[in-house]
Amino acid sequence: MRPALRSRLGLFVLGLLLLPLTASAQPSEALQSPATFLGYELGEQFTPHHRVVDYVRHVAEHSPRVAHRQYGTSVEGRPLLLATVTAPDNHDRLETLRRDNRKRAGLVEGVPQAEPTAVVWLSYGVHGNESVSTEAALRTLYALGDPQNSRTGGWLGDAVVLLDPLLNPDGRERYVQWYKRMAGDQPNARPAAREHHEPWPSGRTNHYYFDLNRDWAWGTQPETRQRLDAYHRWMPHVHVDFHEMGVDEPYYFAPGAEPFHETLTEWQRDFQFTIGRNNADYFDENGWLYFTEEVFDLFYPGYGDTWPLFNGAIGMTYEQGGSGRAGRAIVTAEGDTLTLLDRLRRHHTTGLSTVEATADHHERVVRQFEDYYASAQETPPGEYRTYAVRRDAQGHRLAALTDHLDRQRIRYGYVTEPKRVRGRSYHSGETEQMRLQEGDLLVNAAQPKARLAKVLLEPKTTIVDSLTYDITAWGLPYAYGLEALALPESVAPDTRTAPASPAPLTGDTDAPYAYVTPWTSRADARFAAALLDEGLRLRFATESFTVDDRSFEPGALILTRAGNTSRTDRFDATVQRLAEAHEQSLHGASTGFTPQGPDFGSDNVGFVEAPHVAALSGPPTSASRAGEVWHFFDRQLDYPVTLLPADDFEASMLEDVDVLVLPSGGYGGWFTDARATALTDWVRQGGRLISMGTANEALTNRAPYALTHKTPGASDTTEDAPLTPYGAQTRKRLSGATPGSIHRVQLDDSHPLGFGVEPPYFTLKRNDDAFAYLDEGQTVGALEAPAPVSGFMGHEAQRTVDDTFLFGTQSIGDGQVTYFVDNPLFRGFWYNGQVLFANAVFFVGNG
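Given the structure is predicted, the values throughout are model-derived calculations rather than measurements.

**What about the overall build of the protein chain?**
Summing up its helical and strand segments, the protein chain has 24 helices and 34 strands in all. Taken over C-alpha atoms, the radius of gyration comes to 28 Å for the protein chain, in line with the 29 Å a tight globule of 847 residues would show. In terms of its C-alpha atoms, the protein chain occupies a principal-axis envelope of roughly 90 × 65 × 65 Å. Relative to its full complement of 847 residues, the protein chain shows a buried share of 61%. Just so you have it, the protein chain exposes about 31400 Å², and 46% of that area is on carbon and sulfur atoms. For the protein chain, the distance from the average position of its 77 positive side-chain charges to the average position of its 110 negative side-chain charges is 4 Å.

**Some thoughts on the pattern of salt bridges**
According to the stated counting rule, one finds 28 salt bridges in the structure shown. With a shortest N-O distance of 3.4 Å, Glu-130 and Arg-204 are connected by a salt bridge. Taken together, the residues Glu-130 in the loop between β3 (118–124) and α6 (132–145) and Arg-204 in the loop between α8 (169–182) and α9 (222–234) connect sequence positions 74 residues apart. By relative accessible area, Glu-130 is classed as buried at 5%.

**Some thoughts on the confidence of the model for the protein chain**
Scored by pLDDT, the protein chain comes out at a mean of 93, with 94% of its residues at no less than 70. Counted against residues more than four places away or in other chains, residues 1–13, with its pLDDT under 50, gives 21 contacts. Of the regions scoring below 50 in pLDDT, residues 18–28 engages in 26 contacts with residues more than four places distant in sequence or in other chains.

**So, empty space enclosed by the protein**
On inspection of all chains with the given rule, the structure shows five cavities of 30 Å³ or more. In terms of lining residues, the largest cavity is bounded by Tyr-761, Thr-763, Leu-806, Phe-807, Phe-820, Asp-822, Asn-823, Pro-824 and Leu-836. Mapped by element, the contributors of at least two residues to the lining of the largest cavity are β31 (761–765) and β33 (805–812).

**So, the environment of Ser-664**
Within the secondary structure, Ser-664 sits in the loop between β28 (659–662) and α20 (673–684). When the C-alpha atoms of Ser-664 and Pro-620 are compared, they prove to be 8.8 Å apart, with 44 residues separating the residues in sequence. Residue contacts for Ser-664: discarding those within four places in its chain leaves Thr-621, Ser-622, Arg-625, Met-692, Gly-693, Thr-694 and Ala-695.

**Quick look at the sheet that holds strand β29 (residues 688–692)**
Strand order in the open sheet formed by nine strands is β27-β26-β28-β29-β34-β33-β32-β30-β31, with mixed pairing between adjacent strands. The open sheet terminates on both sides in strands that have one partner only, identified here as β27 (641–645) and β31. The mean inter-strand angle of the sheet, taken between neighbouring strand axes irrespective of direction, is 25 degrees. The pairing of β33 with strand β34 (residues 815–820) spans six bridges and is antiparallel. Bridge pairing in β34 places Thr-809 opposite Thr-818.

**A few points about the pairing of β29**
Summarising burial for β29: five of the five residues are buried, a large majority. Here β29 shows two buried faces, one formed by Arg-688, Ile-690 and Met-692 and the other by Leu-689 and Ser-691. When β28 meets β29, the two strands line up parallel, connected through four bridges. Within β29, the position partnered with Val-661 by the bridge is Ile-690. A crossover links β28 with its parallel partner β29, the connecting element being α20, and its sense is right-handed. Pairing geometry for β29 and β34, over five bridges, is parallel. In the sheet register, Arg-688 faces β34, and the bridge partner there is Gln-816.

About the cut-offs
Residue numbers here run from 1 along each chain, matching the order of that chain's written sequence. With pLDDT at 70 or above as the cut-off, local features in this predicted model cover only qualifying residues; side-chain atom pairs require 80 or more to be listed or tallied, and sums for whole chains, interfaces and linings still use all residues. Note that the side-chain values use all heavy atoms of the structure and ignore hydrogens as well as water. By definition, any uninterrupted DSSP run of H or I lasting at least four residues is a helix, any uninterrupted run of E lasting at least two residues is a strand, and each is numbered from the N terminus. The globule rule used for comparison is 2.2 Å times the number of residues to the exponent 0.38, while the radius of gyration itself is calculated over C-alpha atoms. In this scheme, a residue with accessible area under 20% of its type's maximum is buried, one over 50% is exposed, and one in between is partly exposed, where area comes from a 1.4 Å probe on protein chains only. Accessible areas in this description were obtained via Shrake-Rupley with a 1.4 Å probe; residue shielding takes into account the shown protein chains only. A residue counts as positive if it is Lys or Arg and as negative if it is Asp or Glu; His and the chain ends are not included. Charge placement uses NZ in Lys and CZ in Arg. For Asp and Glu, CG and CD serve respectively. Just to be clear on terms, a salt bridge is a Lys or Arg side-chain nitrogen sitting within 4 Å of an Asp or Glu carboxyl oxygen. A residue's pLDDT is simply how confident the predictor is in it, with values from 0 to 100. By the convention used here, residues are in contact when the closest approach between their heavy atoms is within 4.5 Å. Only protein atoms enter the 1 Å grid used here, on which a cavity is any set of points holding a 1.4 Å probe that cannot leave and a pocket is any open set flanked by protein within 12 Å on both sides along at least five of seven lines; residues with an atom within 4 Å of a point are listed as lining. Grid points are joined across faces, edges and corners, and a volume is the space filled by probe spheres set on the points. Between any two strands, pairing holds if DSSP finds at least two bridges. Helix axes use the C-alpha atoms of the stretch in contact, all axes being lines fitted to C-alpha atoms, and the angles between their N-to-C directions lie in the range 0 to 180 degrees. Look down the strands so they point away from you; if going from the first strand over the helix to the second traces a clockwise path, that crossover is right-handed.

Following this line, the structure appears as structure tokens:
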């Protein structure tokens, strides 16, 4: 039940907290208001990051309610701060409160010692150009930290507030500095003014152009990983993620919209209503517009509202109209002028209102949080009690998966004694038996993170309402390309200790004829990148072969002594040093003669010399898609890539480039006849082009490129439908919707593009692009069946993509083109796709 509505006096008191405080109205000589410390009223301008840091530290130094710590550093080196705000008495026992909460979550053993104290985490600025959030954070920090503010002081006796003023400092600084250069002393509120038209890549994303509000479940970015560690130190009961939306929108706060993921509890939904009602009271009193239960659903696990929900908290998104377009003032469609101060006041209000509502119900909040984790261990949700994952031959993919589970604090163990189990196969979608072997992974659902484990590992998502804001499927065994079974029975791991790694060097360990290592994972591609960076020449098998009674599959890397001794006088030491650093196992081959398969000197063995890789960046590419390419090379592969300015592209830029990546984007106007000719000439002369996503549209039906749209057949057309009622049109559009679903792919793993990827491959499909199989070239991946194995795709979209091309290659002159219809690098977590992409970089055109 929600509390009784507060009196108008109470509303007025909170309203006083919203009034700007000036230098003449200081509550104490030591603690300064933001206006006094910064030299301007909040809302008059944007506060740069270094001054945000300065003010947080000032408040922590001068308020007995506030402490702070630096929990990390952004990619560009900016500090990530977390302020801890609570009553002074609570500060004296802060470690006890923190440990108690982890005990309630089952992350550490023991019984809580102190009385229940609610923990509220307020997150600001995950999208850098939604920049009012950080301004509101400073005002909220002052209101909570001011020792003369008895109202907030009363809340802080029952609550600890963790306030992160800026999750994405690199993106926000990119926006703030651009805005300052564009605007004059007074803001220009006309929407046409340049200060309302942020250029590529915008400040929304981090250094690598990744959306940090899609990364909570994957943790691919440094800022996210450090934040997850800080979050797990506390495990808050309530988490709010502050955002902005379009300038013509009012304000959104919880309760959230459907679809809800089925793991959400009734309590989590109910308390969203309690907090939402509290927010609404203040908005009603001030006459501010708002909406709830629309648009922002609670299904995809990578958000700052859903991920905390799957970790036992009351997770919520608060959205203020504005965003990067709003600047300091903008005229809306209704003719009103929306100012930075207007936006700040609303975020400040909901922040304090949330703390108030949580403190008022602190005992129940803590009790329900504890029950959430107790029930997870006693009666895990869903039909599956164990997730069994087969260890891959090298163990690299499984190690990457366990790193992922470790970031999420999901517990797992390993099999030491073979056993037979029966469950749903991820590969086939059918119930099958599997004999578990030593080293296979077991995730038992009876654990504190049972609900999060279900969300991330389940073979098929249950989506009741398909009107969703993001992708609808993400199962980690599909993403990592690992064979797995979801078991209805509980199977306990035999050990928590990871299996021993293969011997680092087998065969001839003295001065072998060649070193051989399998190619099965991104880790192998990273090892190859390190070898090439040392100036070593690589060969790779295009067929399976046997040497020294050991068998190797296509893609295996071969480092022959011949051809490398002139490159380095420490061939053996270099190879073995890099193998050890990359945890790679090598076989020292005593001979180049292979009883089965091509000998090492055969023309049927491919050759790799370090390619100069470039990628287009800037307009017209998608910033997020270009960022994924950049991040893949810079962080995941550790191999240099040259980012070419697409808007200033010249043919001369390709003179020493071996591989060019065209990230997804809108290339229509960019692809002039002159540029098309230059690009095609470069390919004919031996260049290797990788075209991704919507970049393919620019090559479609353009000679000499073989890519064409699939011609609709009779079954793909429909008769004119009767008039659709207006209220049903949204649902009708769903028939063609492709929010993001997982599909089984028919893969030709004998082709270099498919090396190291064991069929079946699963693609994450977010489009209904329908391309025909290549007449001139090789179709390496095609959609096996239109129905997704997990997630939602509209029935019309399924009909469109049935039996279509997904990825493949084409020879043009001495060069090669690789086409990817779906994104193999999606958000940096689709591991199996990264292997395909590495094949395109290193193998395609070299066989």
